[in-house]
Amino acid sequence: MWFPNADVTVNPALLVLLGIIVGTLGGFFGVGGGFLITGGLLVFGVPPLFAVGTGLALVMGTSLINTLKHRSLGNVDFKLGMMMAVGSVPSLYGAQQVNQQLEEAGVAGTVIRVLYVCFLVILGTFILYDHWRVGRGESHFEDEVSTAGLAQRILRLNIGPRFIWLPGFGKVQTVTSLPVSGVERISVFVPIILGAGVGFFAGILGAGGAFILTPLLIYFMGIPTVVAIGTGLFQVIITGSVGTFLYALSGRVDPLMVVLMLAAASLGAQLGTSATRVVKPSRIRFLYGVIVLAGGLAVAMEEVSQAADVDVLSTLASVVLLGVGGAMCLMIGAMMIKAKLKDRELAPTESD
Amino acid sequence: MNEFLIDLSADNSLVWALFVLGVVAASALALSVVTGLLLRLGEAVGSRLGRRRASGK
C-alpha cells in the first residue's frame, strides 16, 4: 500500500500488527509507545523524520483512546494531570531549545541515545529491584512499593507560598487534595515541578513522557499503579499533541498511515486496558521493568550501529523491541483469558 | 484523495497541521466508541451463550 505523504510503500498487515502491539502495551503500561512505533516504522522502510512525526501522531491517538477507556474505569486523575501539564508544557519548549543547541554542536543524536540508554537501564533495573524487594516479603500489600516512605515525605513537602493570587480567581490556596489518587494533602508545586522535570526529559528524548511519568507517580508520589497509568496517558495526550503539531507543520506526518495503525491500536487498547483490571499491580510493574530494559538494549544497539556503521545492528534493535513487545502482548492476552476462565469457574451457575 | 493530501500538506502548513490533529483526534474518538460497543456486544453475546450452555439448552 502506497502512502502519499511519506511517499513510501509499506505492507498494511505490518502496520496493523504494530498498531495492535502499541495499543495493547499503551493501555496496559500507560505509555504512549513512541520508542516502539518509531523503531517499527524505521524497520518497515519509512523515512526517519516521517517515522518520528507519524509515530508522535499515533502516540497522541492511542493515548486518547486509552485515556477514555481508563477514565471509564475511574483510573484517571485529571486534576493531577492538569497540574503536571502546567510544568511540562513550558519545559517541553525549553527542551526543544536545548535540542537545537545540541544539534548545532553536532552531538544531538549521540547525547540523546546515551541519555536514553542510561535512563532506561536505570529505570528498568530499579523497577525489577523494587519488585524483588517487595516480593521478598518486606511488604504484604499488593500495590505497595519499596519507596513508600520516600513518597510520603515528597507528598508532605511544603514548597512555595500557601496562597497565590490568580487573575480571575483571586487568592487561591496552593495546598490541595487528590481524591482519585488517594492523596489527602499536597502542595500544587510538587506536581508542577515533577511535571516540569518530566516535560524536559521527554522533550530532550523526543518522547511523550509517560514512560518517565508513570513510574515517577508510582515510586515518588505513591499513586496507585492503575491511577498512575491512566494519569500518565492523559499527560501524553498533551505532550503528543504538541509534538504532532510541530512535526505536521513541517509536513512530516502521514495521516493515512496514522489512521490505519490507530484502527488496529484501538482494538489492542481494549485488551490492554481491560487487563489492568485483572492483573496484579506488582506484575504490571515487573513486566514494565522488562520492556523498559528491552528498550534500553535496543537503543544501545542502535547507538553501536551508528558508531560502528553496522546497519544490521539497527535492524536487529528494532526486531528485538518488536519481538519483546509482541511477546508481551501474547502474555497479556493469556493473562486475560486465564482470569476470564477463573471468573467463569467461580461464578455461580443457574443450577446452583 | 492522495492528490488532496499531497496538495494540502504542500500549500498551507498551518492548515495541514490543524487538519492532521483534527483527523487523529476525531479518528481516535470514533474508534474508541466503536471498539467499546463491539466489546460490550461481544461480552453480552458471550455471557448469553454461557448461560444457555449452563442451563443445558
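Residues numbered from 1 in each chain as written. Chains lettered and ligands numbered in written order. Predicted model: local features only at pLDDT ≥ 70, side-chain atom pairs only at ≥ 80, totals over all residues.

## Side note on helix 2 (residues 34–43) of chain A
Residue and element names in this part refer to chain A.
Here is step 1 of the chain: Of all 10 residues making up helix 2, nine are buried, and the element is well covered by its neighbours.
Here is step 2 of the chain: Among the residues of helix 2, those classed as buried are Gly 34, Phe 35, Leu 36, Ile 37, Thr 38, Gly 39, Gly 40, Leu 41 and Leu 42.
Here is step 3 of the chain: Looking at the buried side of helix 2, the elements it contacts are helix 1 (12–29), helix 3 (48–72), helix 11 (281–308) and helix 12 (311–346).
Here is step 4 of the chain: Downstream of helix 2 by one or two residues, Gly 45 has phi in the positive range, about 95°. (Buried ≥ 20, exposed ≤ 12 C-beta atoms within 10 Å, placed from the backbone. Helix = DSSP H or I, 4+ residues; strand = E, 2+ residues; numbered from the N terminus. Contact = placed C-beta atoms within 7 Å.)

## As for the nonpolar core
A general tendency of soluble globular proteins is for nonpolar side chains to be buried together.
All names here are of chain A.
Here is step 1 of the chain: In terms of nonpolar packing, the biggest core is built from 108 residues, with Leu 25, Leu 58, Met 261 and Ala 265 touching the most fellow members.
Here is step 2 of the chain: If you tally residues by element for this core, the top one is helix 9 (residues 225–249), at 12 residues.
Here is step 3 of the chain: Setting aside its immediate chain neighbours within four residues, Leu 58 contacts Val 22, Ile 37, Val 258, Met 261, Leu 262 and Ala 265. (Core = buried A, V, L, I, M, F, W, Y, C linked by C-beta atoms within 7 Å.)

## Here's the deal with the interface of chain A and chain B
Here is step 1 of the chain: Taken together, the contacts link 28 residues of chain A with 23 residues of chain B.
Here is step 2 of the chain: Contributions of two or more residues to the side of chain A that touches chain B are made by helix 3, helix 9 and helix 10 (255–278) of chain A.
Here is step 3 of the chain: Looking at the side of chain A that touches chain B, its residues break down into 17 nonpolar, nine polar and two charged. (Nonpolar A, V, L, I, M, F, W, Y, C, P; charged D, E, K, R; others polar.)

## Here's the deal with the confidence of the model for chain A
Here is step 1 of the chain: Confidence in the prediction of chain A, expressed as mean pLDDT, is 83, and 95% of residues score 70 or more.
Here is step 2 of the chain: The secondary-structure element of chain A with the lowest mean pLDDT is helix 2 of chain A, recorded at 77, while helix 10 of chain A shows the highest, at 89. (pLDDT = per-residue confidence, 0-100.)

## So, unusual backbone geometry
Residue and element names in this part refer to chain A.
Here is step 1 of the chain: Even without being glycine, Asp 309 reaches a positive phi, approximately 60°.
Here is step 2 of the chain: As for its placement among the helices and strands, Asp 309 is situated in the loop between helix 11 and helix 12.
Here is step 3 of the chain: In this structure Asp 309 comes out as exposed when scored by C-beta crowding, with 8 C-beta atoms within 10 Å.

## What to know about the packing of helix 3 of chain A against helix 10 of chain A
Residues and elements named next belong to chain A.
Here is step 1 of the chain: Contact geometry for helix 3 and helix 10: axes closest at 9 Å, N-to-C directions at 35°. The way helix 3 lies across helix 10 gives a crossing that is right-handed. Judged by residue contacts, Thr 54, Ala 57, Leu 58, Gly 61, Thr 62, Ile 65, Asn 66, Lys 69 and His 70 of helix 3 engage Met 257, Val 258, Met 261, Leu 262, Ala 265, Ser 266, Ala 269, Gln 270 and Thr 273 from helix 10.
Here is step 2 of the chain: A class-by-class count of the residues in the contact of helix 3 with helix 10 yields nine nonpolar, eight polar and one charged. (Axes fitted to C-alpha atoms, helices over the stretch in contact; angles between N-to-C directions. Left-handed = near helix turned anticlockwise from the far one by under 90°.)

## Comments concerning the pairing of strand 4 (residues 170–173) of chain A
All names here are of chain A.
Here is step 1 of the chain: Both strand 3 (residues 163–166) and strand 4 contribute to a ladder of four bridges, which runs antiparallel. Bridge pairing in strand 4 links Leu 166 to Gly 170.
Here is step 2 of the chain: Joining the antiparallel neighbours strand 3 and strand 4 is a turn of three residues, in which Gly 168 adopts a positive phi near 90°. (Pairing = 2+ DSSP bridges.)

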